[in-house]
Amino acid sequence: MQSRPSSLLPICLLACLTSGVAYGQTTDAQRETLVIQARQGALDSSIDGLRTLYHQTRDGRVREDLVALLVRAERHEEALAVCDWCQTENYSDSELANLAGAARNAGEYEQALEMFRTLTYRDPSNAQGWLGQTLVHTDMGNYTLAEVSLQQYTQAAGSTTAGLEAKGYLASRTANAVQELDVRQTLVTQDPNNTGELQAVYRLAVGLGASSAARRIMQSNPEVFSANDRLWLTYYEGVTDIRLGVHTDQPSRVRSGLEQLNSVLRNGDAPQELITIAEYDKVVALAELRRFSEAEALAVRLENQHGQLPSYVARAKAHALNGMGRPKEAAALYENLIRQSPAQATNPDDPLNEGLFYSYADAQRFRDADNLLKEWTASEPEQRLDFTQTVRIDNPNYQKVLLLSVLLDSWRGRTDEASQRLAIYQNQAPGDPYLWLLKGDIERDRGWPRKAEASFQQAAPLLPPNRQEASHHGVLLSRLQRGLWKGTTTEIAREIAEARPSASRDDMAREWRELRAPQLSSSFERSKGQGSGTQASKEWTYEVLFEGPRNDSGSRPFAQRIGQFGEFEDENLYASYNIAGYEWNLHPATVTLAAGHGSQLNEDFLALAELQYAPTDHITTTLGVELNTTDTPLRALRDGIHADRYRGELAYRHDERGAGAIGVMATDFEDSNLRQSVYGYWNQTLYHLDRWQVNGEIQASTSRNDEIEASYFNPLRDASLAGVLTVNYETPIDYRQSFIQSFSLGSGRYWQEDFDSENTWSIGYQHSWELAPTVNFEYGITRERAVYDGVPEYDNVISAGFVWRFL
């Protein structure tokens with residue numbers, strides 16, 4: 001009995017082996033059945049069946065098929081999770097290839113790289129392993145390693161379509177468009193029916209700006225491209241024109257590109273994605289063409305529709321805001337763009353710092369502009385490497401910062417320093433046209449239009465033939481400023497209509513419009529006392545002057561109303577005048593003729609004639625005759641005495657900081673009194689930096705009168721000398737708009753024959769609102785000590801005035 005188990009052992013072993021083989025055959029049969037189902041389209045049910053079978057059997061072949069089907073179904077995370085306890089070495093080559101691809105598609109690049117490397121460790125000639133490493137290294141940005149892996153793949157597999165595609169992918173990731181185009185063209189040559197690669201070649205041609213080549217591809221393969229593709233091509237052609245026009249400074253190309261964008265936007269079948277990006281690029285084109293209000297309105301709408309604007313669109317919006325006179329908003333945009341991309345602040349081709357600088361300057365944030373230039377200068381070497389990185393060339397940004405520094409000095413009030421620095425730069429580079437243009441701009445600002453015109457003319461032959469508009473416009477503006485309107489205005493009108501969009505054209509149009517505009521001005525002064533000055537008898541005066549629009553010769557009509565009121569010996573004295581006249585511009589002379597009639601105390605005819613002659617930027621002479629002058633004292637008019645005045649003046653203007661004049665005047669009263677006067681004054685800016693300005697004025701006068709009995713102030717001889725110091729503080733409100741507070745303190749000495757000399761003084765405070773270009777108004781109060789027949793008087797003077805320009 002004990003020998004039976006031993007005899008049964010072979011039988012049991014044979015039975016187990018037989019059942020194991022049967023079970024394996026059953027598993028293989030089930031696996032093959034499920035794989036066939038997948039081939040017939042039942043992919044999901046086949047995957048479910050293989051997963052159940054794998055959980056039952058843990059069979060490696062089942063797992064291999066399950067992984068393959070999951071990858072085929074693009075269920076990459078599930079494929080990676082089929083055997084999360086397995087080690088890399090547990091997988092077959094087929095599984096590794098599938099799982100590595102799944103890991104790459106799931107973004108698990110390190111895991112994918114490990115699996116592809118395992119394939120090449122097992123077999124260095126495994127082409128699939130090298131190809132996978134090439135793709136993953138490219139995904140990870142390891143482009144050098146990708147190049148090495150691609151070379152290994154080529155050695156293992158030779159030239160294949162997969163290798164060309166990997167090379168094209170690497171070229172696209174490294175922005176090597178030329179190499180990518182070469183690869184894609186090779187693929188299309190190998191398989192002309194490969195529509196995907198054909199479309200890729202088309203895309204690359206468009207990206208490289210080869211719009212004509214892209215259109216040939218589209219026309220040669222009409223079946224590959226839809227109407228939608230043709231719309232996209234029109235968009236790309238438009239964008240190419242806009243970008244080339246911007247970089248080459250050709251507004252005509254930008255205008256052509258804008259027309260193409262508009263044709264896309266007018267198409268009712270254009271997809272929303274295309275409409276959006278076309279409108280983004282339209283903002284850029286409008287801003288470049290200086291159609292600022294349209295660009296800004298479109299940018300605002302797009303921002304409301306789609307949220308934050310792309311940086312290049314925000315940049316165009318900032319440019320438009322600057323052009324519209326809204327520098328505060330523009331500066332905020334530029335600052336935000338620089339925070340997002342600091343390298344763009346000093347981009348050699350188009351630095352954001354330049355736009356930010358002009359925004360600061362226009363907003364009168366001069367200290368911010370100065371700090372910006374200092375930081376910018378510190379980061380810019382005098383020379384830099386060219387695009388080949390082998391040759392050193394002059395750094396355009398460094399030159400730009402130097403010129404902007406000169407401009408800033410001039411705008412801050414340091415005009416002498418700006419001119420001196422510019423002279424040094426011109427000694428170093430006398431043939432630089434932009435230095436001559438800058439010199440002309442500064443000279444115009446300083447009130448030297450003839451010198452400015454000469455500087456602009458110096459720049460013209462040094463500029464390229466298609467870049468001379470800045471010089472030409474500078475010449476025209478200089479002529480307009482010095483009064484040479486005849487012929488100039490016709491040329492300005494033509495330039496505004498025909499010249500390409502530019503800052504100089506806009507400046508010229510603005511100045512011409514403002515100088516031609518009619519304007520209404522008025523002034524009022526109220527004082528209390530017998531006399532508010534050494535020869536005054538009036539207690540209040542007002543004047544209203546309307547000047548008509550200038551014609552093409554710079555001439556214009558005007559009308560004037562003058563009113564006066566005073567009290568003497570408890571008697572109210574009134575006089576008023578209505579005057580009409582015409583100002584003839586006979587450059588360099590100006591002739592003014594006017595006539596009118598008085599009322600109340602002066603009901604007689606009055607007339608005036610004046611000749612001004614300005615032969616240079618510095619000298620102006622004036623001769624004038626006033627019959628029944630409006631400056632006749634009210635007390636003389638009360639006594640029935642009228643007066644005629646004759647005067648001559650020689651004025652000298654050194655620059656924007658200093659100017660003065662000397663003059664002689666004779667007033668012939670009807671009571672046989674002849675008042676002869678000599679006067680002189682000099683105004684000088686003693687300090688000017690940013691918002692602060694200190695001005696000084698010296699005044700001197702003397703007069704001689706006939707010895708007659710007169711109720712009006714009539715000293716036999718008198719003389720006065722006075723000085724006034726004025727401190728101004730300017731608070732910017734907006735572009736070209738400021739609030740200025742002025743505090744003045746004056747002191748002097750007055751001498752009158754038969755009386756002792758006396759001290760005079762004044763102290764005043766004034767507000768000025770400069771709301772250019774339309775309105776300026778001011779008001780102030782002054783407390784002063786004057787002298788009247790040896791008797792000191794203390795007077796409060798209230799004054800106000802405004803200028804309203806009709807634009």
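As a starting point, this report considers the structure included with it. The residue numbers shown here count from 1 along each chain, following its written sequence. The model is predicted, so local features are restricted to residues of pLDDT at least 70 and side-chain atom pairs to those at 80 or more, both for listing and for counting; the totals for chains, interfaces and linings are taken over all residues. To get the side-chain values, all heavy atoms of the structure are used, and hydrogens and water are removed first.

1. Observations regarding helix α24 (residues 449-459)
Phase 1 of the analysis: Every buried residue of α24 is accounted for by Pro449, Ala452, Glu453, Ser455, Phe456 and Ala459. What you see down the axis of α24 is that its buried residues fit within an arc of 165 degrees, all on one side.
Phase 2 of the analysis: In this description, contact between two residues means that some pair of their heavy atoms is separated by no more than 4.5 Å. Put simply, DSSP H or I for four residues or longer makes a helix, DSSP E for two residues or longer makes a strand, and each gets a number counted from the N terminus. Next to the buried residues of α24 lie α23 (433-445) and α25 (469-481). Three labels apply to residues, based on accessible area from a 1.4 Å probe with only protein chains included: buried if under 20% of the type maximum, exposed if over 50%, partly exposed otherwise in between. The reported arc concerns the directions from the helix axis to the C-beta atoms and nothing else.

2. Let's talk about the state of the cysteines
Phase 1 of the analysis: When two cysteine sulfur atoms lie within 2.5 Å, the pair is treated as a disulfide. All told, the structure shown has one disulfide when counted by the stated rule.
Phase 2 of the analysis: At a sulfur-sulfur separation of 1.7 Å, the disulfide partner of Cys83 is Cys86. Classification of the bridge connecting Cys83 and Cys86 rests on its S-S torsion, roughly 75 degrees, and on that basis the disulfide is right-handed.
Phase 3 of the analysis: The class for Cys83 is buried, based on a relative accessible area of 3%.

3. Quick word on the nonpolar core
Phase 1 of the analysis: Definition used in this section: a nonpolar core is a set of buried Ala, Val, Leu, Ile, Met, Phe, Trp, Tyr and Cys residues joined via side-chain atoms within 4.5 Å. By size, the foremost hydrophobic cluster in this structure holds 61 residues, and its most contacted members are Tyr235 and Val283.
Phase 2 of the analysis: Here the element with the most residues in this core is helix α15 (residues 272-288); it accounts for nine residues.
Phase 3 of the analysis: In terms of nonpolar packing, the next biggest core, distinct from the first, is built from 30 residues, Val62, Val82, Leu96 and Ala103 among them.

4. A short note on the side chain of Ser359
Phase 1 of the analysis: Here Ser359 is to be found in helix α19 (residues 352-362).
Phase 2 of the analysis: Not counting residues within four places of it along the chain, the set of residues in contact with Ser359 comprises Asn322, Pro327, Ala330, Ala331 and Tyr334.

5. Examining empty space enclosed by the protein
Phase 1 of the analysis: A pocket, in this scheme, is an open set of points on a 1 Å grid over the protein atoms alone with protein on both sides within 12 Å along at least 5 of 7 lines, while a cavity is a set where a 1.4 Å probe fits but cannot get out; residues line either one if an atom lies within 4 Å of a point. Grid points are joined across faces, edges and corners, and a volume is the space filled by probe spheres set on the points. This model, assessed by the stated rule, comprises one cavity of 30 Å³ or more.
Phase 2 of the analysis: Of the volumes computed, that of the largest cavity is approximately 40 Å³.
Phase 3 of the analysis: In terms of lining, the largest cavity is formed by Pro327, Lys328, Asp362, Ala363, Gln364, Pro732, Ile733, Asp734 and Tyr735.
Phase 4 of the analysis: Looking at the lining of the largest cavity, the elements with two or more residues in it are α18 (327-340) and β14 (717-734).
Phase 5 of the analysis: The greatest single-element share of the lining of the largest cavity, amounting to three residues, is contributed by β14.
Phase 6 of the analysis: Gly falls in the polar group here, along with every residue not listed as nonpolar (Ala, Val, Leu, Ile, Met, Phe, Trp, Tyr, Cys, Pro) or charged (Asp, Glu, Lys, Arg). Here the lining of the largest cavity is built from residues that sort into five nonpolar, one polar and three charged.

6. Side note on unusual backbone geometry
Phase 1 of the analysis: For the peptide bond that leads from His587 to Pro588, omega is 5 degrees, which places it in the cis range.
Phase 2 of the analysis: Along the chain, Pro588 falls in the loop between β6 (571-586) and β7 (589-600).
Phase 3 of the analysis: Along the chain, Ala772 connects to Pro773 via a cis peptide bond; the corresponding omega equals 5 degrees.
Phase 4 of the analysis: With respect to the element layout, Pro773 can be found in the loop between β16 (758-771) and β17 (775-788).
Phase 5 of the analysis: Phi is positive for Ser672, which is not a glycine, with a value near 75 degrees.
Phase 6 of the analysis: With respect to the helices, strands and loops of the structure, Ser672 is situated in the loop between β11 (658-669) and β12 (674-689).
Phase 7 of the analysis: For Ser672, a relative accessible area of 58% puts it in the exposed group.
Phase 8 of the analysis: With a phi angle near 60 degrees, Arg736 is a residue other than glycine that sits in the positive phi range.

7. What to know about a nonpolar patch on the surface
Phase 1 of the analysis: Taken together, the side chains of Phe524, Phe743, Leu745, Trp761, Ile763, Tyr765, Ile781, Tyr794 and Ile798 make up a nonpolar region of the molecular surface, amounting to roughly 830 Å² of accessible area.
Phase 2 of the analysis: Looking at the nonpolar patch, the elements with two or more residues in it are β15 (737-752), β16 and β18 (791-805).
Phase 3 of the analysis: Here the nonpolar patch gets three residues from one element, more than from any other, and that element is β16.
Phase 4 of the analysis: With respect to the element layout, Phe743 can be found in strand β15. A patch consists of residues exposed above 30% relative accessible area that lack any salt bridge, with like charges linked at up to 9 Å and nonpolar side chains (Val, Leu, Ile, Met, Phe, Trp, Tyr) linked at up to 5 Å. For the area figures, the Shrake-Rupley method with a 1.4 Å probe applies, and any residue is considered shielded solely by the protein chains shown. We define a salt bridge as a side-chain nitrogen of Lys or Arg found within 4 Å of a carboxyl oxygen belonging to Asp or Glu.

8. A closer look at the packing of α23 against α24
Phase 1 of the analysis: Running from N to C, α23 and α24 point in directions that differ by 165 degrees, and their axes come no closer than 8 Å. Regarding the angle of α23 to α24, the classification is roughly antiparallel. For the element pair α23 and α24, the recorded crossing hand is left-handed. Contacts from Pro433, Trp436, Leu437, Lys439, Gly440, Asp441, Glu443 and Arg444 of α23 reach α24 at Lys451, Ala452, Ser455, Phe456, Gln458 and Ala459. Each axis is a line fitted through C-alpha atoms, and for a helix only the stretch in contact is used; angles between axes span 0 to 180 degrees, taken between their N-to-C directions. Here is the rule for angles: anything less than 35 degrees is roughly parallel, anything more than 145 is roughly antiparallel, 65 through 115 is roughly perpendicular, and the remaining ranges are oblique. Here is the rule for handedness: rotate from the far helix to the near one, and if that takes an anticlockwise turn smaller than a right angle the crossing is left-handed, while a clockwise turn gives right-handed.

9. Some details on the packing of helix α26 (residues 488-498) against helix α27 (residues 503-516)
Phase 1 of the analysis: Interhelical geometry of α26 versus α27 gives an angle of 130 degrees and a closest axis separation of 10 Å. Comparing the axis directions of α26 and α27 gives the class oblique. For α26 against α27, the interelement crossing comes out left-handed. In this structure, α26 uses Thr489, Ile492, Ala493, Glu495 and Ile496 to contact α27, whose residues at the interface are Arg505, Met508, Ala509 and Trp512.
Phase 2 of the analysis: Of the residues belonging to the contact of α26 with α27, the class tally is six nonpolar, one polar and two charged.

10. Some remarks on the packing of aromatic side chains
Phase 1 of the analysis: Here a pair means two rings of Phe, Tyr or Trp (six-membered ring of Trp) with centres within 6.5 Å. Their orientation is stacked below 30 degrees between planes, edge-to-face above 60, and tilted elsewhere. Inspection of every chain in the model, using the stated rule, returns 18 aromatic pairs.
Phase 2 of the analysis: With a centroid separation of 5.3 Å and 70 degrees between ring planes, the pair formed by Phe357 and Tyr358 is classed as edge-to-face.
Phase 3 of the analysis: Between Phe565 and Tyr574, the aromatic rings sit 4.9 Å apart at their centres with planes inclined by 45 degrees, giving tilted as the arrangement.
Phase 4 of the analysis: The class of Phe565 is buried, set by a relative accessible area of 9%.
Phase 5 of the analysis: Members of the aromatic cluster, each reached through a chain of ring pairs, are Trp540, Tyr542, Phe565 and Tyr574.
Phase 6 of the analysis: In this structure, Arg516 packs its charged tip against the face of Trp512, placed 3.7 Å from the ring centre.
Phase 7 of the analysis: In this structure, Arg550 packs its charged tip against the face of Trp485, placed 5.9 Å from the ring centre. For a ring to carry a charge above it, either NZ of a lysine or CZ of an arginine must fall within 6 Å of the ring centroid while also lying within 35 degrees of the normal to the ring plane.

Bear in mind that shape data such as this cannot, by itself, settle questions of function.
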